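# Chains, contacts and geometry: an overview
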Amino acid sequence: MGALSTFVVASSPGVPFAVLPALIVVPAVGALLVVCLPRRRPELLKLVAVATSVIVGGMSVWLLKGFDATHGAEMQFTSQADWISDLGIQWLLGIDGISLFLVVLTGVLFPIALLAVDPGHDDRAYYAWLLVLEAGVMGVFCALDLVVFFLCFEVVLVPMYFLIGRWGHGNRAYAATKFFLYTMAGSALMLVGILAVAFLHADATGTSVTFDLVAIAEAQAIDTNAARWIFAAFALAFAVKVPIFPLHTWLPDAHTEAPTAGSVILAGVLLKLGTYGFLRFGLYLFPEASHFFAPVFLTLGVVGIIYGAVVATMQRDLKRLVAYSSVAHLGFIVLGTFALNTEGIEGGLLQMVNHGVSTSALFLLVGMIYERRHTRQIDELGGLQKSAPVMAAVFTLVMLSSIGLPGLNGFVGEFLVLVGAFNAHRWWAVVAAGGVVLAALYLLWAYQRVFHGPAKGDNAEMPDLKLREGLVLAPLLALIVFMGVYPKPVIERMEPAVDALVAHIEEHVDGFHEPTSRFGVDIEGAGDHGSDHADEGDDH
Amino acid sequence: MSTVVTPEVLWWALIPVILLSAGGMLLLTVASIVRRLPDALPQAWTVITGLAVLVASVPMWNEVRDGGPRSYLGGMVAVDGSTVLVTAILAIAVVATALLARPYLAREDLPGVELYVLLMLSATGGVVMASADDLIVLFLGLEILSIAVYVLAALHLRRIESQEAALKYFVLGAFASAFLLYGMALLYGATGSTRLALIAEHLSTVVLLRDGMLLAGIALLLVGLAFKVAAVPFHAWTPDVYQGAPSPVVAWMAAGVKAAGFAAMVRVLVVTLGTHASDWSPAVSVLAGLSVVVGASVAVLQTDVRRMLAYSSIAHAGFLLLGVQAADARGTAAVYAYLVVYTLLATGSFAVLTVMGGPGDSAHSLDDYRGLVRRRPVLAGAFTVLLLGQAGVPFTGGFVAKLGVLAAAVEGRGYWVAGVAMLAAAIAAFVYLRILVAMYLEDAGDAGDAGDAEDAGVPLGARVVIGVACAGVLAIGIVPGPLMDLARDAVPVLVGS
């Protein structure tokens, strides 16, 4: 904890210490602590790991209270410490309405993932890697320095590699290696892009080299053409991480072979690194280039929605089905993000949180079924509803949330995304809406095959949810209902940051006006008609 | 009566050379007089000498920092920050190699004195290279270093691969020396001096209308130096020599010889020929790009861990060249920082290989590493840290090192070569992952869970080397500031007499 004292806390309303550095340092220290414990005491190891993640979760939830929604779009809880002063690299941490809920999501999901499943072997390494993973993810969401962001973005690969490889199922070595290489190759050029952006910024403004995100983004000093190239380098890294079709092929393997906790974290948090990256280091850092490339990403987003849904329908493996549903859901997030208006971005952001909650719950449930039946093949399951009615009920709720049923969380996000996309590019939204129908198809059909019908063999005697499992799922179910019924507290905190982001794009892209409803009065900025996208890139 | 003017001698600056050469020769003398030398003595002597050089470099560093760089012995030899830093790197490599050597020699039943003597002499050559202020002195240093290493490579008398490695290294090395010497001669012809400071002065004041001789000289120098640091396409010797030579010697080659080679390269190219950077820098970036790509992709095809690391050392040379081609202070500082990190990574990795080699020094296939985490968890964990460091994963020294050279390349608008290097780094990551997969994710045929028991079999010396290397790699990765400052202060300067 001594490391915390080196941070200079710039502003922390209502929080007496450098809370963001603590979010990174506490799990890292916890991991060290776990490594130092005796290996033959799994219950002690688990206690320390869970306690650490609960402390981190508590701190992140506390941020909700301390976060000042009226503060506008400025970064809050900022803190700073030098790292490599020669290159101007510093530990610059801060959050705004965009990152706040992702930090909270991370804080909440880790204790759940830790509590839900035991590794079975090599407990010490398992818990240590999970805590290292938490530190890395927190770092990504809090970093405001480009190099520190990259540092955390990359370091996440190592624990995830070992989690999939050592505690995974089936073809785990292949899945782990594929995951590592895909993401590492994707982000290789991002480091060059980061260095280029900093040096070009320094040249253009005549200041010393800095990697400060806010300073570089606000100045927008880099020449348009260079910015587009650099954006492409960033976008490749994020597109692999999201993953955007056709770079998604690592995802089904990694998700399916990962242990349950790994799948939960992978789907719940890790996929958000990419979509968060697009918002923070795409739209904010390169507004012009984002606008320029938006048609590409909108199209790939829609393709991902339809493709993910169709492929999910065809799956025989329940876990693989959930994995492909992620491809579809993330397509929605990409679509909302590149609609470049408040509804779309906000919807995308909400969808990040929603997908994190619902898909994690789905993976937990699939993991519980697998633990009991030792199979994930839909064909071999069936009629589980009779033997496990509570589990069936929980599964129904989570599934409906994932489909986007009104009244549950999934609806709010998907609706906003579709509204945003419709205002910006009508036909894209129409096609994407088809994805919603397909989602209902593959999930309901899977549910029907797994839970309905006659129960054969062992399926008839499958034990229902245990109390521990129920408690693990309870917070996620509560969030699903709460955010569906009353999303205001969430949206309220997101809105200032999203508005500011859209205003930032309007300011820095010539001739760009936020695409708003065409049915209202404000249509003067409608240079781009939804039906005509061929000239999308030329309208600035 | 006229007095003979003797050149000024800075004795304090000569301490490392004196310690290492006197240490080596004294050991040789004692060993040939005393019939039965205790086993531990040569090793202890070498380690103490190495540590003494390391300790001596601290006051030398302060002296240079306060009093500025100095040239002495009639402008033949100089001492500046880079000299002291490279000396310290060499001292660390000597200590590490000596620590690894004794258990190795005992295991392989090899005579026990020559390795230490040659090691110290070779290090002497390295220090001379790092302090050369004249092309002739540079060449002398290079030959002292190289000839000792040729013999070291052949040290395993009963392994035919060892003899083969030495012969290949010697023949190709002699060729490279010839290139280098011819380049020096042409450079002398073009500028009228062999003194680095005078060459630089001449080139910055005189415009050569016909610079063919100069360019040919630079090209030949580049070939010779590229051979020494194992850059593609002058790398062909590396895998065979790394595979054949005794493992501790390979640690010295990877860490020490490479550091000395890059010290020479920076002195000659960046500092002396800096005015003509536009002539040699494109060539160096091509070498850098080729080295990273060929090193990384050919490493993927290997099944012998030692050959994998040999090719990965070629890729590392490519990254170092990335800093050289930037031809500025940032690039040079990045090269030195990289050298420090690479010394730790290389000595640590080859220490693991020395331990794993087993009797006959032959168990280096990927299969021998299967399920290592079950048999030797601590060794596997340490090797993991070192491999992740070599891959350049964040929070290891490897990342800091790569960041430095990349920043230098990007600042000099070398986007293409920087991009190529990063893509190659992703390929190289696959190589390290293959070793990790073997260690963690595959079971050995005889799955016996021996726990920590077998870790007792790791000799103390190897434990120290591996431990220090891992700790250093992690420490630099988490707190890189001090190393970066050190490297920045070590940028070489030319001083005329």
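Note that the coordinates shown come from a computational prediction; the quantities given were computed from them, not determined experimentally.

## Considering the overall build of chain B
When helices and strands are counted, chain B shows 19 helices and two strands. In terms of overall dimensions, chain B has a C-alpha envelope of 80 × 60 × 40 Å along the principal axes. Taking all 497 residues of chain B together, the buried fraction comes to 63%. The long-range fraction of contacts in chain B, counting pairs at least 24 apart against all pairs at least 6 apart in sequence, stands at 82%.

## Looking at the overall build of chain A
The number of helices and strands found in chain A is 20 helices and three strands. Taken over C-alpha atoms, the radius of gyration comes to 22 Å for chain A, in line with the 24 Å a tight globule of 540 residues would show. Over its C-alpha atoms, taken along the principal directions, chain A stretches across nearly 70 × 55 × 40 Å. Burial status across chain A gives 60% buried among its 540 residues. Contacts spanning at least 24 positions in sequence make up 79% of the contacts within chain A whose residues lie at least 6 apart.

## Quick notes on the interface of chain A and chain B
Each partner contributes to the interface: chain A provides 25 residues, whereas chain B provides 26 residues. For the side of chain A that touches chain B, the secondary-structure elements that each account for two or more residues are β2 (76–84), α5 (146–155), α6 (157–167) and α7 (172–205) of chain A. Here the side of chain A that touches chain B gets 14 residues from one element, more than from any other, and that element is α7(A). Classifying every residue of the side of chain A that touches chain B gives 18 nonpolar, three polar and four charged.

## Here's the deal with the packing of helix α13 (residues 329–357) of chain B against helix α16 (residues 397–411) of chain B
Residue and element names in this part refer to chain B. For the pair α13 and α16, interaxial distance at closest approach is 9 Å and the crossing angle is 160 degrees. Accordingly, the angle class assigned to the pair α13 and α16 is roughly antiparallel. As α13 packs across α16, the resulting crossing turns out to be left-handed. Residue-level contacts link R330, G331, A334, V335, A337, Y338, V341, Y342, L344 and L345 of α13 to G397, G398, V400, A401, G404, V405, A407, A408 and E411 of α16. Of the residues contributing to the contact of α13 with α16, the split by class is 13 nonpolar, four polar and two charged.

## Quick notes on the confidence of the model for chain A
Residues with a pLDDT of 70 or more make up 92% of chain A, whose mean pLDDT is 85. Predicted confidence is poor over residues 520–540 of chain A, with pLDDT under 50, and the contacts of this stretch with residues over four places away or in other chains come to 25 contacts.

## Some points on the confidence of the model for chain B
Atom-level detail of predicted coordinates should not be read off regions where pLDDT is low. On average, residues of chain B carry a pLDDT of 88, and 96% of them reach 70 or more. Segment residues 447–455 of chain B: pLDDT under 50, and eleven contacts once partners within four positions in sequence are set aside and those in other chains are kept.

## A few points about the packing of helix α14 (residues 342–373) of chain A against helix α16 (residues 389–403) of chain A
Residue and element names in this part refer to chain A. Their axes nearest at 9 Å, the elements α14 and α16 cross at an angle of 150 degrees. The angle between α14 and α16 falls in the class roughly antiparallel. By crossing handedness, the relation of α14 to α16 is classed as left-handed. Across the interface between the two elements, S358, T359, A361, L362 and L365 of α14 pack against M391, V394, F395, V398, S401 and S402 of α16.

## Brief notes about unusual backbone geometry
The amide bond that connects V242(A) to the next residue, P243(A), takes the cis arrangement and shows omega of -10 degrees. Of note, P243(A) is situated in the loop between α9 (224–241) and α10 (250–257). Here the bond from F245(A) into P246(A) is cis, since omega is 5 degrees, no more than 30 degrees from zero. Here P246(A) lies in the loop between α9 and α10. Unusually for a residue other than glycine, L340(A) sits at a positive phi of about 60 degrees. Here L340(A) lies in the loop between α13 (318–339) and α14. Among the residues examined, L340(A) registers 26 C-beta atoms within 10 Å and is labelled buried. Backbone geometry at R413(B) places phi at a positive 65 degrees, although glycine is not the residue there. Within the secondary structure, R413(B) is located in the loop between α16 and α17 (415–441). We classify R413(B) as exposed; it has 12 C-beta atoms within 10 Å.

## Regarding helix α11 (residues 260–283) of chain A
Residues and elements named next belong to chain A. For α11, with 24 residues, the first-to-last C-alpha span of 33 Å sits near the 34 Å given by 1.5 Å per residue. The largest bend in α11 is about 40 degrees, located at L266. Counting buried residues in α11 gives 24 out of 24 residues, a clear majority hidden from the surface.

## Observations concerning helix α15 (residues 377–391) of chain B
Because the α-helix completes a turn every 3.6 residues, residues three or four places apart line up on one side. Residue and element names in this part refer to chain B. Counted at 1.5 Å a residue, the expected span for α15 with its 15 residues is 21 Å, and the 21 Å between its end C-alpha atoms agrees. Within α15, twelve of the 15 residues are buried, which leaves the element mostly enclosed by the surrounding structure. Within α15 the residues assigned to the buried category are L379, A380, A382, F383, T384, V385, L386, L387, L388, G389, Q390 and A391. Looking one or two residues beyond α15, the residue adopting positive phi is G392, at roughly 80 degrees.

## Some words on the nonpolar core
By size, the foremost hydrophobic cluster in this structure holds 432 residues, and its most contacted members are A337(B), L406(B) and A421(B). For this core, the element with the highest residue contribution is α17(B), accounting for 21 residues.

## Notes on the environment of A96(B)
Residues and elements named next belong to chain B. With respect to the secondary-structure elements, A96 resides in helix α3 (residues 81–108). Residue A96 is classed as buried on the basis of its 31 C-beta neighbours within 10 Å. Considering only alpha carbons, one finds A96 and V47, 49 residues apart in sequence, at a separation of 8.1 Å. Those residues in contact with A96, other than ones at most four positions away along the chain, are A251, T347 and V465.

## Overview of the pairing of β2(A)
Residues and elements named next belong to chain A. By the bridge criterion, six bridges tie β2 to strand β3 (residues 89–95) in an arrangement that is antiparallel. Residue S79 lies in a different strand from β3, and its bridge partner there is L93. Counting the residues in the hairpin turn of β2 and β3 gives four residues, including G88, whose phi is positive at 70 degrees.

## Regarding the environment of L269(B)
Residue and element names in this part refer to chain B. Within the secondary structure layout, L269 lies in helix α10 (residues 247–272). On the neighbour-count criterion, L269 (24 C-beta atoms within 10 Å) is buried. Once residues lying within four places of it in the same chain are set aside, the contact partners of L269 are W280 and V324.

## Examining the environment of A409(B)
All names here are of chain B. Following the sequence through the fold, A409 ends up in helix α16. For the pair formed by A409 and V271, sequence separation is 138 residues and the distance between their alpha carbons is 17 Å. The contact partners of A409, leaving out residues within four places of it in the chain, are L322, A326, G414, V417 and A418.

Conventions and cut-offs
- Residues numbered from 1 in each chain as written.
- Chains lettered and ligands numbered in written order.
- Predicted model: local features only at pLDDT ≥ 70, side-chain atom pairs only at ≥ 80, totals over all residues.
- Helix = DSSP H or I, 4+ residues; strand = E, 2+ residues; numbered from the N terminus.
- Buried ≥ 20, exposed ≤ 12 C-beta atoms within 10 Å, placed from the backbone.
- Contact = placed C-beta atoms within 7 Å.
- Rg over C-alpha atoms; globule rule 2.2 N^0.38 Å.
- Nonpolar A, V, L, I, M, F, W, Y, C, P; charged D, E, K, R; others polar.
- Axes fitted to C-alpha atoms, helices over the stretch in contact; angles between N-to-C directions.
- Parallel < 35°, antiparallel > 145°, perpendicular 65-115°, else oblique.
- Left-handed = near helix turned anticlockwise from the far one by under 90°.
- pLDDT = per-residue confidence, 0-100.
- Expected span 1.5 Å × (residues − 1).
- Bend = angle between axes of the 7 residues up to and from the residue.
- Core = buried A, V, L, I, M, F, W, Y, C linked by C-beta atoms within 7 Å.
- Pairing = 2+ DSSP bridges.

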